[in-house]
Amino acid sequence: MVENQDQGPYYQINDTKNPDLLHERRSATFDIELLTQFMFGGPNSYFNINKRRQLTRLAYAHPIHKTHLPLEYLDADEFYALLIRKSFVAIKEAERLNITDRKFLGWFLSVFTNGRFIFGLHTSMFLHTLENMASDEQQEKFLPLARSFQIIGTYAQTELGHGSNVQRLETEAVFDSKTDTFVLNTPTLTATKFWPGALGRSTNYVLLMAQLYTPDRSHPCGLQMFFVQIRDLNTHEPLPGVEVGEISTRFAHEVGDNGYLRLTNVRIPRNQMLMKLAYVDEQGTFHRLGDPRLLYGAMLATRVNLCAFFSILLARAVTIAMRYSAVRRQGQNPDGKETLILDYPLQQEKLVPCLAATYAFFYSFIKLEHFRASILDGDTILFELLPELHAISSGLKAYTSTHGERWSQICRVACGGHGFLVASGIKGINNMLDAGCSYEGDNAVLYQQTARFLLKVIQQLDENTDTNPDSSIAFLYSNKVAPATVVNLDDYCRLFEARSELLLKSMSTRLSELSSSSSTPYSVFSKNSIELVHVAKAYVETFVLRAFYDGVRKASEHKELAVVFEQLFHVFAIDTLRNSAADFIRLKLLTPDQIYHLETYGLPDMYARLRPNLIALVDAFDFHDNELNSCLGRYDGQAYEALMERARLNPANRYKVHPVWTSIKQNAKSKL
Amino acid sequence: MVENQDQGPYYQINDTKNSDLLRERRSATFDIEQLTQFMFGGPNSYFNINKRRQLTRLAYAHPIHKTHLPLEYLDADEFYALLIRKSFVAIKEAERLNITDRKFLGWFLSVFTNGRFIFGLHTSMFLHTLENMASDEQQEKFLPLARSFQIIGTYAQTELGHGSNVQRLETEAVFDGKTDTFVLNTPTLTATKFWPGALGRSTNYVLLMAQLYTPDRNHPCGLQMFFVQIRDLNTHEPLPGVEVGEISTRFAHEVGDNGYLRLTNVRIPRNQMLMKLAYVDEQGTFHRLGDPRLLYGAMLATRVNLCAFFSILLARAVTIAMRYSAVRRQGQNPDGKETLILDYPLQQEKLVPCLAATYAFFYSFIKLEHFRASILDGDTILFELLPELHAISSGLKAYTSTHGERWSQICRVACGGHGFLVASGIKGINNMLDAGCSYEGDNAVLYQQTARFLLKVIQQLDENTETNPDSSIAFLYSNRVAPATVVNLDDYCRLFEARSELLLKSMSTRLSELSSSSSTPYSVFSKNSIELVHVAKAYVETFVLRAFYDGVRKASEHKGLALVFEQLFHVFAIDTLRNSAADFIRLKLLTPDQIYQLETYGLPDMYARLRPNLVALVDAFDFHDNELNSCLGRYDGQAYEALMERARLNPANRYKVKRSELVDNSYFSFSCDTAGSSSLDIDKTKREI
């Protein structure tokens, strides 16, 4: 059934109803579908756009989507009930349609539930962890139940008191050899599991990360993962000793359930500790098995995928803001006509660098994913490259969330007040990206991990002169001199690489001077952490720039796309450069005047060249209107009509007079 | 009654329950109350903290606040009903307590309703506009009704299609000589009034801004203001020809009602056009009266007040983030203890510049308000200084909202995931400041207005050499050479002024070269608008820096405070400087190495010096816990206890079992048929509790 679905674009230019937007689309100098296929097409692409279109069409065709008001109009109970209902229907539909490939299934479930599949952690972290950390015997037992949703689980790591510092989690599992069980407890307030998705009301099992004590209370063995039932499978009631519930309201409208969990003397059989990489025998003796780095793979894959997710979120935000800017007119020009806001240089200054950054995000994700696939392929892992993958994926997760948050807020401002409506779609994206700066690793912590890797690399630089020219650190081994001026696109890359190298080397020199004094390595690192993060960011920028440059080179094979990609690259490179202008000047890579000229003349010149293609460049991201869920960013350009329609749908308007006023008026009358 | 209330601080150091936070408070090198009084004290201060404490105590003492769940747990109807209820009770209480001074009344109403007084536009814009634009006769008629809340109004300007471009509003009022009325219409979709606060369900009158046509449809006379009833005063039902309702959901949890309004052939008598500054006679002839610049005053006062509001919002955000950072520990240090997150340089790099910026915000507001009061005093207006006030207030509104938004998001990140809870208080502030970048003038538009003023000043520079030394543009008239290095604090100010002057002059030269060519002034301005905004920002920064410097000088009289203020000033100046490093280097005001040294050594050095006072410096903002409404930022430091308590209060947890009740059977059967036994066979060992 999936195969029979239409693979073509969701919309045709003739679907455009707003004349300004139509004019924009007609002015494009390239074929939009060519660009879409170039970036996202082909079965080997991570994005596999044709397949995605088929799945998306199937998901949105289901009648359930017509049974409810826009989500912002549901109260908390209705919202939750709808998400649960949609999530189960999505699972059923996927079965019926025989969607089995894990990636395709993930897409389908997510699209079907408007990006809010409530069992997302079940199908990702819960299943992955079982597959990677459970022994063969355990997998045989647990996996069929989990895959068929008889067990619905989540991954319970974060506690009220500990997020980044996983080692200090306080939940404990103490072995009791008499009964061959672990006794699970939340010994303090701060040990409460807090935040896990779907934990509060939706799951009946958790994978619980806890401190293991065995053979008894006085022997800590570090963190282990336990497979714990928390609710009755028939009644869905919490089991004895389990206090579970939802935490207080979050700002993202995207998640229906984040939970907390407290355990009091809950016992589980010994064989419910996940036993692939470590096990506890009947005597309570703790044994390590296998390479704990294997665990790393799943975490890294999650982090890599986040970079794609953040890129997609930003692409949505810029699609909405760009289209709306080609619909809204404001301000007088001397002819007495109102100006399309996209024609204002200040609006272009907001949106064009954001658009260029979005393309840069996508290409850096593509490069990162390519690298990941070359290192982690099923059970084969190239261990020697894991640190580099860790460093880039950490840095790029921090980079894409920080900058994505920033850009999406600028998109919000570019939409004016209407951008503040939930129905704009844009403020929600901004809030999601803001959350992304904290979850799956605080960005400041992640950048420091990237910095640690770089310090190791630079300290071993002389010993190891052989390196892969495609490596993200290849430039450290090269003797190429930085260009004195920007002639071609590669010059930007080399300038950023020279900056990164100079910053890193001077940092490394400074640190070794300091470490020879009496301070501990910990305090030296900590005292210099602000600059170390700066060094890490500079490195991530070389990666992003190089990745985007790879994209430009690929695009050069397509005549229509080549120029546009080069223009976008210019914008991204200059914008990134000017934001670190002081570095380039201080390190004598560029003069203040060079940068001033690039910024003051180069950028606006590129804005003007890109101007006819701005809408085509967001159309190429190929979002379905339902994915954008935005009155402002609709493909057809009917922004005002949609805003008015959505206002009229507000349940607040179901009363001619709100009940509170009826009672006020009655009171006033009775007083008379 | 108000006078008898306690004027002292809300909390004493002994109220601190968290030991880390207690240690922070004990380490302060100055007296917190001294600082609070220095910045916010005294009956002549805008903030009048002692009075505010009295009013706040009275407002929070009312039993109504104990009758409801935290606001995030109310559904839309309950939330709205509560705000209406609280708003009316607040009005009654204010009457009972005889709070009549308009500023005090505003504070009381706002505090009483948790910052969500639903008739805020009634008591501000609606009443102000009547007072300034209605004729004496109209005022006599309308004002008593409005002041006693028999008429509840709002100010309906923004339309679906037009915000910044007020001139293009489409709502129309056509005079009909036969009936001596105006016929009001919303002729297009985009003419729909959209956004006005309290319009959707709460008000019975509006002040409607509309295009006047008189004596007939063919004679447009520009925008005028009309006094229009939209709901029946008895039944509260919309009147015939009126479609009114609430717009779709906003992200700020702060506003209970934003409305839309469509009018179809609604007629109002001729005397309901506000007639102080213009009037229409019986023949339909349009006459102008008085100086339209008078209107300007109210708008400027609103904009000035916004700078105070944004400063307070940011002060709340940094209070929450700073206190929480002195409560939360994370990460290992070599002693095996966890580190207080406030001790991490990267956390200080987030919060100390933010704290310094907050102080700079307050002082720039104080300077601006002082300037405003010197120009607009009741009905006396110094017209020749209005353009400067307009330029600074526009620029500072844009500056404080843009930077406030940015800093508050950094505060959010500094609080980690918990910052994302509504109950943290911080994300809501961030969203409010984001909204502030758009309302009451889009920031990009406002900066351009500042730039226009500066261009005029610079073009007239030679003709007018006499200027007030306290003026925000005095530095343009001075011949002082910029310092080559930073020795004292004034050097920062002069460096920023030199930068502003150089940018402005080179811009002005470029523009006059361009305007001599064939382009129109409009297109020259538009083409250079990106740089013009940059020029405007540089000027606003000179103002902020100078204002903060004034504060430092005042503080120098207080031994305990002098040093701390200097340190904060250093941080703010260096942080602001490094963000425009390229300017200072290109204009040869500083070398790259000077800036590098300031940033790399100067800043962290100041962080270290300020470290013992960081919590005291936010405590001095003196927020009541109810104002912060934050689990993370409570005075007592019980952040975790509060988070847990708030989670348990979530109405979602009132059900022991959720799914079976909510999922209808046709869908639930899917999961039922797989769950035959209460526990699966993997669960062989029974639980023993």
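Along each chain, numbering runs from 1 in the same order as the chain's sequence is written. Written order decides the labels, with chains lettered from A and ligands numbered from 1. Where totals are concerned, whole chains, interfaces and linings use all residues; where local detail is concerned, this predicted model gives features only for residues with pLDDT of at least 70, and gives and counts side-chain atom pairs only at 80 or more. In computing side-chain values, all of the structure's heavy atoms are included and hydrogens and water are not.

- The name an unreviewed UniProt entry gives chain B is Acyl-coenzyme A oxidase, with Adineta ricciae as the organism.
- UniProt positions are given in the numbering used here, feature names are shortened, and annotations may be inferred rather than shown by experiment. Among the UniProt annotations of chain B, the heading Subcellular location (unreviewed entry) holds the following wording: "Peroxisome".
- Within the UniProt record for chain B, the comment given under Cofactor (unreviewed entry) is "FAD".

- Identification of chain A as Acyl-coenzyme A oxidase from Adineta ricciae is taken from an unreviewed UniProt entry.
- Within the UniProt record for chain A, the comment given under Sequence similarities (unreviewed entry) is "Belongs to the acyl-CoA oxidase family."
- Among the UniProt annotations of chain A, the heading Subcellular location (unreviewed entry) holds the following wording: "Peroxisome".

**Quick look at the packing of aromatic side chains**
All names here are of chain A.
Argument step 1. We call Phe, Tyr and Trp rings a pair once their centres come within 6.5 Å, taking the six-membered ring for Trp, and we label the pair stacked below 30 degrees between planes, edge-to-face above 60, and tilted otherwise. All told, the structure shown has 68 aromatic pairs over all chains when counted by the stated rule.
Argument step 2. Plain terms: the ring middles of Tyr359 and Phe621 are 5.1 Å apart, the flat faces sit at 40° to each other, and that makes the pair tilted. With Tyr359 in helix H9 (residues 345-375) and Phe621 in the loop between helix H19 (614-619) and helix H20 (625-628), this pair connects stretches of sequence that are 262 residues apart.
Argument step 3. Burial here depends on accessible area, computed with a 1.4 Å probe over protein chains only, as a share of the maximum for the residue type. Under 20% is buried, over 50% is exposed, and the range in between is partly exposed. The exposure class assigned to Tyr359 is buried, which follows from its relative accessible area of 0%. Numbering of helices and strands runs from the N terminus, with a helix taken as a DSSP run of H or I at least four residues long and a strand as a DSSP run of E at least two residues long.

**Remarks on the UniProt feature "binding site: FAD" (unreviewed entry) in chain A**
All names here are of chain A.
Argument step 1. UniProt's entry tags Thr158 and Gly197 with the feature "binding site: FAD" (unreviewed entry), counted in the numbering of this structure. A maximum C-alpha distance of 10.6 Å among these annotated residues, which run over 40 residues, shows that they cluster at one spot.
Argument step 2. Residue contacts for Thr158: discarding those within four places in its chain leaves Gly163, Thr192, Lys193, Phe194, Trp195 and Pro196.
Argument step 3. In this fold, Gly197 is placed in strand E4 (residues 193-197). Any two residues whose heavy atoms approach within 4.5 Å are treated as being in contact.

**Examining the sheet that holds strand E7 (residues 242-246) of chain B**
Argument step 1. DSSP calls a pair of strands paired once it identifies at least 2 bridges connecting them. Taken together, three strands build an open sheet; the order of strands is E4-E8-E7 (chain B) and the sheet is antiparallel. Of all the strands in the sheet, just strand E4 (193-197) and E7 of chain B have a single pairing partner and so form its edges. With direction set aside, neighbouring strand axes in the sheet form an average angle of 30°.
Argument step 2. The strands touched by helix H21 (residues 639-649) of chain A are E4, E7 and strand E8 (258-263) of chain B; relative to E8(B), the strand with the most contacts, the crossing angle is about 110°. Simply put, an axis is a line fit to the C-alpha atoms, just over the touching stretch for a helix, and the angle between two N-to-C directions goes from 0 to 180 degrees.

**Quick notes on unusual backbone geometry**
Keep in mind that most residues, glycine aside, have a negative phi and that most peptide bonds are trans.
Argument step 1. At the junction of Thr214(A) and Pro215(A), the peptide bond is cis and its omega measures out at 5° in the coordinates.
Argument step 2. Looking at the element boundaries, Pro215(A) is found in the loop between strand E5 (205-213) and strand E6 (220-229).
Argument step 3. Thr214(B) connects to Pro215(B) through a cis peptide bond whose omega is 5°.
Argument step 4. Phi at Asp622(A) is positive, roughly 60°, even though this residue is not glycine.
Argument step 5. Examined against the element boundaries, Asp622(A) turns out to sit in the loop between H19 and H20.
Argument step 6. Here the phi dihedral of Asn629(A) falls at roughly 45°; this positive angle occurs in a residue that is not glycine.
Argument step 7. Relative to the assigned elements, Asn629(A) resides in the loop between H20 and H21.

**Quick notes on the environment of Phe226(A)**
Argument step 1. Mapping Phe226(A) onto the fold places it in strand E6.
Argument step 2. For the pair Phe226(A) and Ala173(A), spaced 53 residues apart in the sequence, the C-alpha separation amounts to 8.5 Å.

**A closer look at the UniProt feature "domain: Acyl-coenzyme A oxidase N-terminal" (unreviewed entry) in chain B**
Argument step 1. Mapped onto this numbering, the UniProt entry gives "domain: Acyl-coenzyme A oxidase N-terminal" (unreviewed entry) at residues 31-152 of chain B.
Argument step 2. Helix makes up 66% of residues 31-152 of chain B and strand 0%, and the two end C-alpha atoms of the span are 45 Å apart.

**Focus on the pattern of salt bridges**
Close approach of charged atoms allows side chains with opposite charge to pair.
Argument step 1. By convention in these notes, a salt bridge is any Lys or Arg side-chain nitrogen within 4 Å of a carboxyl oxygen on Asp or Glu. Under the definition given, this model contains 90 salt bridges over all chains.
Argument step 2. Across the pair Asp636(A) and Arg634(A) runs a salt bridge, and its minimum N-O distance is 2.8 Å.
Argument step 3. The closest approach of N and O atoms between Asp619(B) and Arg25(B), which form a salt bridge, is 2.6 Å. On the criterion of sequence distance, the pair formed by Asp619(B) in helix H19 (residues 614-619) and Arg25(B) in helix H1 (residues 19-26) is long-range, its members being 594 residues apart. Just as Asp619(B) is buried, Arg25(B) falls in that class too.

**As for the domain arrangement of chain A**
Residue and element names in this part refer to chain A.
Argument step 1. As annotated, the domain borders come from an automatic or database domain assignment. Once the domains are mapped, chain A shows domain 1 (2-17 + 30-127), domain 2 (151-290) and domain 3 (296-466 + 489-619).
Argument step 2. One C-alpha centre belongs to domain 1, the other to domain 3, and the line joining them spans 28 Å.
Argument step 3. Across the boundary between the two partners, domain 1 contributes twelve residues, which contact 24 residues of domain 3.
Argument step 4. Buried surface at the junction of domain 1 and domain 3, summed over both partners, amounts to about 1,600 Å²; 78% is from carbon and sulfur atoms.
Argument step 5. Pairing of N or O atoms within 3.5 Å defines a polar contact, subject to two protein rules: one partner must be a possible hydrogen donor and the other a possible acceptor, and residues neighboring in sequence count only if both atoms are side-chain atoms. At the surface where domain 1 touches domain 3, the tally comes to two residue pairs in polar contact (both at pLDDT 80 or more).
Argument step 6. Among the elements that line the side of domain 1 that touches domain 3, the one with the most residues is helix H2 (residues 32-40), at six residues. Buried area adds together the accessible area that both of two parts lose upon being put together, with accessible area traced by a 1.4 Å probe.

**A short note on the interface of chain B and chain A**
Argument step 1. At the interface, 139 residues of chain B touch 145 residues of chain A.
Argument step 2. Here chain B and chain A share an interface that buries about 12,200 Å² over both sides, 60% of which is from carbon and sulfur atoms.
Argument step 3. Here chain B is connected to chain A by eleven salt bridges.
Argument step 4. Where chain B packs against chain A, one counts 61 residue pairs in polar contact (both at pLDDT 80 or more).
Argument step 5. Ten residues, namely Ala, Val, Leu, Ile, Met, Phe, Trp, Tyr, Cys and Pro, are considered nonpolar, four, namely Asp, Glu, Lys and Arg, are considered charged, and the remaining ones, Gly among them, are considered polar. Split into classes, the residues belonging to the side of chain B that touches chain A amount to 54 nonpolar, 45 polar and 40 charged.

**A few points about the side chain of Ser529(B)**
Argument step 1. In this structure, Ser529(B) sits in helix H15 (residues 529-555).
Argument step 2. Reaching out from Ser529(B), the side chain makes a polar contact with the backbone oxygen of Ser526(B) at a distance of 2.7 Å.
Argument step 3. When near neighbours in sequence (up to four residues on either side) are disregarded, Ser529(B) contacts Pro345(A), Leu346(A) and Gln448(B).

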